[in-house]
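Secondary and tertiary structure notes
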Amino acid sequence: MKLKDGLILREVAGQYVIVPTGKRVQEITNIVYISSSAAYLWDYMKDREFEKEDLVKCIMEHFSGVTEEQAAADIDRFLKTLSDNSILDDGVIRGDSLIRVSKTMLDKLWPKGGLSGKKDGGE
């Protein structure tokens, strides 16, 4: 996985904020604040592909007194926050999609009026 392009991290009044630029401004509508620990990880993540295990290793090497289990749990929450806010390119497609399907194809997929609740052409 990797971070999406068009995102920068800025420190504003002592808070770390993920700022969308360009086309990402329309896609990312929430203000996302992250901790200084997460900002440390952001620096690692911004220019490369990574896995959760890579981030856990970074935390374990940089911070003392953190267990691997706690680091993994914290990373899970961090990645979920990024994913939920369309910041993480994790291969999961999100959002609404519209697919036009012909009546012929619908009848093949759902014979006997399966989608409409009608059976055998009746009401």
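Before reading on, note that the structure itself is shown above.
Residues numbered from 1 in each chain as written. Predicted model: local features only at pLDDT ≥ 70, side-chain atom pairs only at ≥ 80, totals over all residues. Heavy atoms only, no water.

Considering the side chain of Arg24
Note on placement: Arg24 falls in helix H1 (residues 24-27). Under the relative-accessibility criterion, Arg24 is labelled buried at 10%. Ignoring anything within four residues of it in the chain, the contact list for Arg24 reads Lys4, Asp5, Gly6 and Leu7. (Helix = DSSP H or I, 4+ residues; strand = E, 2+ residues; numbered from the N terminus. Buried < 20%, exposed > 50% of the residue type's maximum accessible area, 1.4 Å probe, protein only. Contact = heavy atoms within 4.5 Å.)

Re the nonpolar core
Within the largest apolar cluster, 25 residues are counted, with the highest numbers of intra-cluster contacts made by Ile18, Ile34, Leu41, Trp42, Met45, Leu82 and Ile87. Listed by contribution, the elements that provide at least two residues to this core are strand E2 (7-12), strand E4 (32-34), helix H2 (36-45), helix H3 (52-62) and helix H4 (68-84). In terms of residues, this core owes the most to one element, H4, which gives six residues. Residues in contact with Leu41, not counting those within four places in the same chain, are Leu55, Cys58, Ile59, Ile75 and Phe78. (Core = buried A, V, L, I, M, F, W, Y, C linked by side-chain atoms within 4.5 Å.)

Comments concerning a nonpolar patch on the surface
Side chains of Val101, Met105, Leu109 and Trp110 sit close together on the surface and give an oily, nonpolar patch of about 360 Å² of accessible area. Within the secondary structure layout, Val101 lies in the loop between strand E5 (88-89) and helix H5 (103-109). (Patch = residues over 30% accessible without salt bridge, like charges linked within 9 Å, V, L, I, M, F, W, Y side chains within 5 Å. Areas by Shrake-Rupley, 256 points an atom, 1.4 Å probe, with all protein chains shown as cover. Salt bridge = Lys/Arg side-chain N within 4 Å of Asp/Glu carboxyl O.)

Side note on H3
For H3, every residue scored as buried is listed here: Leu55, Val56, Cys58 and Ile59. Considered in projection along H3, the buried side chains sweep an arc of 155° and stay on one side of the axis. More than 90 degrees from the buried face of H3, the exposed residues found are Glu53, Lys57 and Glu61. On its buried face, H3 is in contact with H2 and H4. (Arc of directions from axis to C-beta.)

Digging into the packing of aromatic side chains
Summed over all chains, the structure comprises one aromatic pair. Each ring, one from Tyr40 and one from Phe63, has its centre 6.1 Å from the other, and the planes form 80°; the classification is edge-to-face. Of the two residues, Tyr40 sits in helix H2 while Phe63 sits in the loop between H3 and H4, which places them 23 residues apart along the sequence. Of the residues examined, Tyr40 reaches a relative accessible area of 31% and is grouped as partly exposed. Cation over ring: Arg48 sits above Tyr44, and NZ or CZ is 4.2 Å from the ring centre. (Phe/Tyr/Trp six-rings, centres within 6.5 Å; stacked < 30°, edge-to-face > 60°. Lys NZ or Arg CZ within 6 Å of the ring centre and 35° of its normal.)

Digging into a negative patch on the surface
A cluster of like negative charges, contributed by Glu49, Glu51, Glu53 and Asp89, occupies part of the molecular surface. Among the secondary structure elements, Asp89 is positioned in strand E5. (Lys, Arg positive; Asp, Glu negative; His and termini not counted. Charge placed at Lys NZ, Arg CZ, Asp CG, Glu CD.)

A few points about unusual backbone geometry
Of note in this structure, Ala13 is not a glycine but carries a positive phi near 50°. Following the sequence through the fold, Ala13 ends up in the loop between E2 and strand E3 (15-20). Although it is not a glycine, Ser86 adopts a positive phi angle of roughly 60°.

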